[in-house]
Amino acid sequence: MEVRVVNHPLVDHKLTHLRNKNTDQPVFRKLVDELVTLLAYEATRGVRVNPVDIETPVAPMTGTKLADPAPLVVPILRAGLGMLEGMLRLVPTAEVGFLGMIRDEETLQPMTYAERLPADLSGRQCYVLDPMLATGGSLGGAVQYLVDRGADDITCICILAAPEGIERLHDLLADLKVPCNLVVAAVDEKLNEVGYIVPGLGDAGDRLYGLAQ
Ligand SMILES: O=P(O)(O)OC[C@H]1O[C@H](OP(=O)(O)OP(=O)(O)O)[C@H](O)[C@@H]1O
Ligand SMILES: O=c1cc[nH]c(=O)[nH]1
Ligand SMILES: [Mg+2]
């Protein structure tokens, strides 16, 4: 698995505002939206394209268009939903599949509570959106879900990752033998004793949408 940490002063600036506990919900949402567009620009460097013949007002030329089938974007509910619009702004022709996952805050085990995906994902470029890669249980579960549906080309886009989560994802992918990349704005120091990323930004879903309970 290739891990790409997007190194850009605008990303660092927006991420610092996002992390700040005094940043309110509307600004937090806006920052997630802006950050994902910057990350998606990097994450789509390998998007498949074909040549296309066109005519400009001046001359014929061969240009570039996205290949079929369109990329599939999969936000992991809830928090990944906050990244969807920013991704679609960059790739408006992408299709969208949904996975709902919740991490049990006691055991840290993920549970899938919703799924709406194409039946066959072979040959599709899949872009999984989740702001937080903590223990890696949720993103690992999502990747496993996609691979079980035939996915053979997966890129995960996260805002923050913990080293523990990256290692777990790495081990899973070594077993699955499916090409997978991770694009992330920053890799933080560690997880704390209750599974939160340190220094992190807190609970991304709650900061986007309010307390879940
Ligand atoms: O790597 P992990 O240890 O699995 O933790 C990361 C997961 O936790 C958060 O979701 P959460 O379970 O809080 O659900 P939510 O998006 O509905 O808030 C986050 O959005 C990830 O999906
Ligand atoms: O730090 C963390 C860990 C898991 N989920 C979050 O939203 N934040
Ligand atoms: Mg949450």
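Calculation criteria
- Residues numbered from 1 in each chain as written.
- Chains lettered and ligands numbered in written order.
- Predicted model: local features only at pLDDT ≥ 70, side-chain atom pairs only at ≥ 80, totals over all residues.
- Heavy atoms only, no water.
- UniProt positions renumbered as here; feature names shortened; annotations may be inferred.
- Helix = DSSP H or I, 4+ residues; strand = E, 2+ residues; numbered from the N terminus.
- 1 Å grid on protein atoms, 1.4 Å probe; cavity = no way out; pocket = protein on both sides within 12 Å on 5 of 7 lines; lining within 4 Å.
- Points joined across faces, edges and corners; volume = space filled by probe spheres on them.
- Expected span 1.5 Å × (residues − 1).
- Buried < 20%, exposed > 50% of the residue type's maximum accessible area, 1.4 Å probe, protein only.
- Arc of directions from axis to C-beta.
- Contact = heavy atoms within 4.5 Å.
- Axes fitted to C-alpha atoms, helices over the stretch in contact; angles between N-to-C directions.
- Parallel < 35°, antiparallel > 145°, perpendicular 65-115°, else oblique.
- Left-handed = near helix turned anticlockwise from the far one by under 90°.
- Nonpolar A, V, L, I, M, F, W, Y, C, P; charged D, E, K, R; others polar.
- Patch = residues over 30% accessible without salt bridge, like charges linked within 9 Å, V, L, I, M, F, W, Y side chains within 5 Å.
- Areas by Shrake-Rupley, 256 points an atom, 1.4 Å probe, with all protein chains shown as cover.
- Salt bridge = Lys/Arg side-chain N within 4 Å of Asp/Glu carboxyl O.
- Polar contact = N/O pair within 3.5 Å; in protein donor to acceptor, adjacent residues only side chain to side chain.
- Near = heavy atom within 4 Å.
- Sits in = over half its atoms within 2 Å of the grid points.

The protein chain is annotated in an unreviewed UniProt entry as Uracil phosphoribosyltransferase from Tessaracoccus palaemonis. Per UniProt, the comment on the protein chain under Function (unreviewed entry) is "Catalyzes the conversion of uracil and 5-phospho-alpha-D-ribose 1-diphosphate (PRPP) to UMP and diphosphate." UniProt's Pathway (unreviewed entry) comment on the protein chain is quoted here verbatim: "Pyrimidine metabolism; UMP biosynthesis via salvage pathway; UMP from uracil: step 1/1."

Trainee: Sorry if this is basic, but what is going on with the UniProt feature "domain: Phosphoribosyltransferase" (unreviewed entry) in the protein chain here?
Mentor: On the UniProt side, "domain: Phosphoribosyltransferase" (unreviewed entry) is annotated at positions that read residues 5–210 here. End C-alpha atoms of residues 5–210 are separated by 28 Å, and the span's content is 33% helix alongside 30% strand.

Trainee: Looking at this model, I keep getting lost on empty space enclosed by the protein. Mind explaining?
Mentor: The gaps left among the atoms become clear once a water-sized probe is rolled over them. Following the criterion strictly, the structure yields one cavity of 30 Å³ or more and no others. The space that makes up the largest cavity amounts to roughly 40 Å³. Lining the largest cavity are Val-47, Arg-48, Ala-67, Asp-68, Pro-69, Pro-71 and Gln-125.

Trainee: Any chance you could explain helix α5 (residues 163–176) here in plain terms?
Mentor: Structurally, the α-helix is built with 3.6 residues per turn, so residues lying three or four positions apart point the same way. Helix length check: α5 (14 residues) gives 20 Å between terminal C-alpha atoms against 20 Å at 1.5 Å per residue, within 8%. All buried positions along α5 are accounted for by Gly-165, Ile-166, Leu-169 and Leu-173. Projection of α5 onto a plane perpendicular to its axis shows the buried side chains occupying an angular sector of 100°, all on one side. Those residues of α5 that are exposed and angled more than 90 degrees off the buried face are Glu-167 and Asp-175. Buried residues in α5 make contact with β1 (2–5), β9 (132–133), α4 (137–148), β10 (154–161) and β11 (180–187).

Trainee: When you look at the packing of α4 against α5 in this model, what are you seeing that I'm missing?
Mentor: Between two packed helices, the angle of one axis relative to the other and the distance separating the axes together describe the packing. Contact pair α4 / α5: the axes reach a minimum separation of 9 Å and the direction vectors enclose 20°. The angle between the axes of α4 and α5 places the two elements in the roughly parallel class. With respect to the hand of their crossing, α4 and α5 are arranged in right-handed fashion. Residue-level inspection shows Gly-137, Leu-139, Gly-140, Val-143, Gln-144 and Val-147 of α4 in contact with α5, the latter providing Arg-168, Leu-169, Leu-172, Leu-173 and Leu-176. Broken down by class, the residue content of the contact of α4 with α5 amounts to seven nonpolar, three polar and one charged.

Trainee: I would appreciate a short explanation of a nonpolar patch on the surface in the present structure.
Mentor: Taken together, Val-3, Val-5 and Val-187 make up a surface patch of nonpolar side chains, about 190 Å² in accessible area. Tracing the sequence through the fold places Val-3 in strand β1.

Trainee: Where do I start with helix α2 (residues 25–43) in this structure?
Mentor: An ideal rise of 1.5 Å per residue puts 27 Å on 19 residues; α2 measures up with 26 Å between its terminal C-alpha atoms. Buried within α2 are the following residues: Phe-28, Leu-31, Val-32, Asp-33, Leu-35, Val-36, Thr-37, Leu-39, Ala-40, Glu-42 and Ala-43. The backbone nitrogen of Val-27 has a side-chain oxygen 3.2 Å away, supplied by the residue at the start of α2, namely Asp-24.

Trainee: Help me understand the site of ligand 1, please; the structure alone is not making it clear to me.
Mentor: As a structural note, the neighbourhood of ligand 1 is formed by 16 residues, with Arg-103, Asp-130, Thr-135, Gly-136 and Ser-138 the closest of them. In the environment of ligand 1, an oxygen atom lies 2.8 Å from a nitrogen or oxygen atom belonging to the backbone of Arg-103. The backbone of Ala-134 places a nitrogen or oxygen atom 2.9 Å from an oxygen atom of ligand 1. Burial of ligand 1 by the protein chains amounts to 95% of its free accessible area of 500 Å². Counting atoms within 2 Å of the grid points, the majority share of ligand 1 lands in the largest pocket. Breaking the shell around ligand 1 down by element, the ones donating at least two residues are β6 (98–103), β9 and α4. Of the residues forming the shell around ligand 1, the biggest block, three residues, is contributed by β6. Here the shell around ligand 1 is built from residues that sort into seven nonpolar, five polar and four charged.

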